[in-house]
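Working through the structure, step by step
What follows is the residue order along each chain.
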Amino acid sequence: MDEPAPRPKRTRIQREKRELIGEAALEVFSRHGFRGSTIDQIADEAGMSKPNLLYYFKNKEEIFTTLIQRLMETWLAPLRAMDAAGDPQTEIRSYIRRKMEMSRDFPRESRLFANEILQGAPRILPLLEGELRELVDEKATVIAAWMREGRLKKSDPYHFIFAIWATTQHYADFDVQVRAVLGEKRGSEGRFEDAARFLEGLFLE
């Protein structure tokens, strides 16, 4: 049986247009969620006509799936980087720092992911049950070994990871609340550094 012909490479203009659409879709999806967003809204945000947009993506689902897949690659990179051969304190500290940096730098992406989870993850459940679970299993095994060796305080390694997710992503998903409560002085850009130092102490000391 003949193998299918390889898909032709996209031109520079096609790549730029898809990037433009992706950026517009991220803005729309992060504000309205998947269900509340429309192709028309994305086209308006991208500054192009709906027919032009549909030349690059078949439908709203394809745009969303492309965004989520790219987001998951970025989101999982800090956890992948956790080194079993490294010093546990250094590795956990680095993980917390990188997660806080992502909350600071990628708040729209965090809201996009949170909206999908709150809807029951209908478009990414296989990814959560597959790639994400495998990675968390791997890193939970590493953390459990550090705990058995007395290099970290003993606890459930899975809930240890979940707690880091919850506390770091809070500063993206609830940033308005954080800034409102901290006030103008403490709610400035330095709030992320303050939070990182606090979380390092919470999880490591």
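Scroll up to find the structure.
The paragraphs below set out a description of the structure included in this document. As the structure is a computational prediction, the values presented were derived from the model and not from experiment. (Residues numbered from 1 in each chain as written. Predicted model: local features only at pLDDT ≥ 70, side-chain atom pairs only at ≥ 80, totals over all residues. Heavy atoms only, no water.)

Focus: the packing of aromatic side chains
Counted under the stated rule, the structure contains six aromatic pairs. Taking 4.9 Å as the distance between ring centres and 90° as the angle between the ring planes, the aromatic pair formed by tyrosine 55 and tyrosine 56 counts as edge-to-face. The class for tyrosine 56 is buried, based on a relative accessible area of 13%. Their ring planes at 80° and their centres at 5.5 Å tell us that phenylalanine 160 and phenylalanine 203 sit as a pair that is edge-to-face. Here phenylalanine 160, found in helix 8 (residues 157-173), pairs with phenylalanine 203, found in helix 10 (residues 191-204); they are 43 residues apart in sequence, far enough to count as distant. Its relative accessible area of 9% is what places phenylalanine 160 among the buried residues. For phenylalanine 203, a relative accessible area of 15% translates into the label buried. (Phe/Tyr/Trp six-rings, centres within 6.5 Å; stacked < 30°, edge-to-face > 60°. Buried < 20%, exposed > 50% of the residue type's maximum accessible area, 1.4 Å probe, protein only. Helix = DSSP H or I, 4+ residues; strand = E, 2+ residues; numbered from the N terminus.)

A look at helix 5 (residues 88-105)
The first and last C-alpha atoms of helix 5 sit 25 Å apart over 18 residues, in line with the 26 Å expected at 1.5 Å per residue. For helix 5, the complete set of buried residues consists of Pro88, Glu91, Ile92, Tyr95, Ile96, Lys99, Met100, Met102 and Ser103. Here the buried residues of helix 5 occupy an arc of 165° about the axis, which is enough to place them on one side. Here the buried face of helix 5 lies against helix 4 (60-80), helix 6 (107-118), helix 7 (125-148), helix 8 and helix 10. (Expected span 1.5 Å × (residues − 1). Arc of directions from axis to C-beta. Contact = heavy atoms within 4.5 Å.)

Digging into the pattern of salt bridges
Throughout the structure, instances matching the rule amount to 19 salt bridges. Note that arginine 31 and glutamate 45 form a salt bridge whose closest N and O atoms lie 3.7 Å from each other. Here glutamate 45 lies in helix 2 (residues 39-46) and arginine 31 lies in helix 1 (residues 12-32), a separation of 14 residues in the sequence. Using a relative accessible area of 39% as the deciding quantity, one classes glutamate 45 as partly exposed. A salt bridge links glutamate 200 to arginine 93, with the nearest nitrogen and oxygen atoms 3.0 Å apart. Here glutamate 200, found in helix 10, pairs with arginine 93, found in helix 5; they are 107 residues apart in sequence, far enough to count as distant. Assessed through its relative accessible area of 8%, glutamate 200 is described here as buried. Under the relative-accessibility criterion, arginine 93 is labelled partly exposed at 33%. (Salt bridge = Lys/Arg side-chain N within 4 Å of Asp/Glu carboxyl O.)

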